[in-house]
Number of protein chains: 2
Amino acid sequence: MSKRIAGPEIERLIQLLAKVPGLGPRSARRAALHLIKKKEQLLAPLAAAMGEAVDKVRVCSTCGNVDTSDPCMICTDPLRDPTTIIVVEDVSDLWALERAGAMNARFHVLGGTLSPLDGVGPDQLTIRQLVTRIAEGGVSEVILAVNATVEGQTTAHYLTDQLSGFDVKITRLAHGVPVGGELDYLDEGTLSAALKSRTVF
Amino acid sequence: MSKRIAGPEIERLIQLLAKVPGLGPRSARRAALHLIKKKEQLLAPLAAAMGEAVDKVRVCSTCGNVDTSDPCMICTDPLRDPTTIIVVEDVSDLWALERAGAMNARFHVLGGTLSPLDGVGPDQLTIRQLVTRIAEGGVSEVILAVNATVEGQTTAHYLTDQLSGFDVKITRLAHGVPVGGELDYLDEGTLSAALKSRTVF
Ligand SMILES: [Zn+2]
Ligand SMILES: [Zn+2]
């Protein structure tokens, strides 16, 4: 607000809310007001939940996931197949794959992609930890579920290289038409990949 | 998430964030992850700001605004014209008018509009408090800045009635074309109101 119309506590709340992805300055004001009106039902529980997250959330030292325990719930789940590791760039990718529920495997979060121009080399990612996990044995397949971007593919090639000495199968996600996707909205690379990998109907 | 993939603290954070206006379930997950990653820079300060708001925010007993002091910063501002009161439905309207910065007046927040079917009568709004403020004297104009809806206009008529015994001018916002608004997107009511209230060019 250009003119101060409320105590600094409210303005600070608006400013911080505006930094939450999905909220801009305008929605931050609306959100702040809603939270203030629902002080007991929403603002207080949310403040407490955030405080708990600050205290308890940590990065899993095995896989790079975030959780309230280390090792994380996925790494300690006895029902998961320990022989398959899905390598992702970010925790958000891990969550997305988990929502899809397609594989009951373990994960490894790289923390980004190789990007020499931005100063991101192998040591800035969790590549050494991944190699160590594979070296410890018991893993038969590594699925490189990195993004289909130049950086993602560069990183995939580097990882393949690093893991070439181990007796482990390295796979990647299939390219193709998204389920429900309309062909004329897709780029040519996707279309030709989908054609090449066509399956029997 | 259908399958539990993180500790209950993180899932609770996501659930509560999903109740913030502007964030749905999907953006709540993204927001939670971003907050967790920026634990020290964003999550901790936001948790603290929310905690402070829980402790300090109250409703102004004079005007119905929310602030960290009662009476609020607007009611105690010696530079504001105390002879004009702008009546609004909601604190969000007060904030919007303050951002416009068009008037340096005091406010009165009704807390909604009359809506008998929803059980909202005069006693559910701050109408008695408004009448008391006017009865105390010193106010020469009441601007009814309620929404241009049926409920808003019904409420405006009721207020005019309640204040008819006092020596106070009652005005309302002008109808017209929004600044920058395109005519062919406007409804007929707005257009005919804008024509009727046309001004000399
Ligand atoms: Zn883990
Ligand atoms: Zn006030």
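Predicted model, so just to flag it, every value in this text is computed and none were measured.

So, about the UniProt feature "domain: Toprim" (unreviewed entry) in chain A. UniProt annotation of "domain: Toprim" (unreviewed entry) refers to residues 83-178 of chain A when read in the numbering used here. Secondary structure content for residues 83-178 of chain A is 33% helix and 20% strand, while the C-alpha to C-alpha distance between its ends is 28 Å.

To continue, consider the layout of surface pockets. By volume, the largest pocket amounts to about 370 Å³. Leu144, Ala145, Val146, Asn147 and Leu173 of chain B are, among the 19 residues lining the largest pocket, the residues nearest its centre. Every element with two or more residues in the lining of the largest pocket is listed here: helix H4 (91-100), helix H6 (150-162) and strand E6 (169-172) of chain B. Considered as a void within the structure, the second largest pocket measures approximately 320 Å³ in volume. Together, Leu144, Val146, Asn147, Ala148, Gln153, Arg172, Leu173, Ala174, His175, Gly176 and Val179 of chain A line the second largest pocket. Its residues placed into classes, the lining of the second largest pocket shows six nonpolar, four polar and one charged.

All names here are of chain A. Extensive coverage of strand E4 (residues 105-109) is indicated by the burial of five of its five residues. Sheet analysis places strand E3 (residues 81-88) next to E4, joined by five bridges and oriented parallel. Of the residues in E4, the one forming a bridge with Val88 is Val109. In terms of handedness, the path from E3 via helix H4 (residues 91-100) over to E4 forms a crossover that is right-handed.

Calculation notes
- Residues numbered from 1 in each chain as written.
- Chains lettered and ligands numbered in written order.
- Predicted model: local features only at pLDDT ≥ 70, side-chain atom pairs only at ≥ 80, totals over all residues.
- Heavy atoms only, no water.
- UniProt positions renumbered as here; feature names shortened; annotations may be inferred.
- Helix = DSSP H or I, 4+ residues; strand = E, 2+ residues; numbered from the N terminus.
- 1 Å grid on protein atoms, 1.4 Å probe; cavity = no way out; pocket = protein on both sides within 12 Å on 5 of 7 lines; lining within 4 Å.
- Points joined across faces, edges and corners; volume = space filled by probe spheres on them.
- Nonpolar A, V, L, I, M, F, W, Y, C, P; charged D, E, K, R; others polar.
- Buried < 20%, exposed > 50% of the residue type's maximum accessible area, 1.4 Å probe, protein only.
- Pairing = 2+ DSSP bridges.
- Right-handed = clockwise from strand over helix to strand, strands pointing away.

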